[in-house]
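Here are the chains, one letter per residue:
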Amino acid sequence: MSENSDVSGLQRALWVFLGYMLIGPFFAGLAVSILMVFLPLLEIGAFLPENLPSLGASALSTFVWAAIPSALSALILIFFVLRDGGFGWIVAAVVGVLSFMAATFLTDMPFREHIPMMALLSGLISMAVREALVSGNIIK
């Protein structure tokens, strides 16, 4: 599958949806775990909320909650994949942030005072998922 010529647009769209639904929440949980460990070590733990649950509970709840913005991102990006066969990194970032913001309005997300930082993280995660899909030769 090195040429990407034998893969249809619908197959690409399916893999983009699955990639965003599986890789996105994993990267989100991993990012929260890394931040919870390294921000206090770097003495910038003020960016973390005061009453955070344990590391495992935070990573697991992030993984579960991230399914909502991941699904929204995947549904939006499928249109780009069907039309062009892929999408750029800026599209991935914008869609990631917008999907995160839509999910915060639709749900009762905790720690709302940290929404800007989490929205930035969501955009970065969306770009990382796109890079995983590109490196897997799923999208162009």
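Please read all numbers here as calculations on a predicted model, not as lab measurements.

### Section: the pattern of salt bridges
Then, number 1: The full count for this structure, using the stated rule, is two salt bridges.
Then, number 2: A salt bridge links Arg83 to Asp84; its shortest N-O distance comes to 3.0 Å.
Then, number 3: Using a relative accessible area of 59% as the deciding quantity, one classes Arg83 as exposed.
Then, number 4: The salt bridge involving Arg130 is made with Glu131; its shortest N-O contact spans 2.6 Å.
Then, number 5: Look at Arg130 and you get buried, because its relative accessible area is 11%.

### Quick look at helix H5 (residues 115-135)
Then, number 1: With 21 residues, H5 extends 30 Å from end C-alpha to end C-alpha; this agrees with the ideal 30 Å at 1.5 Å per step.
Then, number 2: What H5 keeps buried is the set Ile115, Ala119, Ser122, Gly123, Ile125, Ser126, Val129, Arg130 and Leu133. Angularly, the buried residues of H5 cover 165 degrees about the axis, an arc narrow enough to put them on a single face. Pointing more than 90 degrees away from the buried face of H5 are the exposed residues Pro116, Leu120 and Ser135.
Then, number 3: Where the residues of H5 are buried, they touch helix H1 (9-41) and helix H4 (89-106).

What counts, and at which threshold
Residues numbered from 1 in each chain as written. Predicted model: local features only at pLDDT ≥ 70, side-chain atom pairs only at ≥ 80, totals over all residues. Heavy atoms only, no water. Salt bridge = Lys/Arg side-chain N within 4 Å of Asp/Glu carboxyl O. Buried < 20%, exposed > 50% of the residue type's maximum accessible area, 1.4 Å probe, protein only. Helix = DSSP H or I, 4+ residues; strand = E, 2+ residues; numbered from the N terminus. Expected span 1.5 Å × (residues − 1). Arc of directions from axis to C-beta. Contact = heavy atoms within 4.5 Å.

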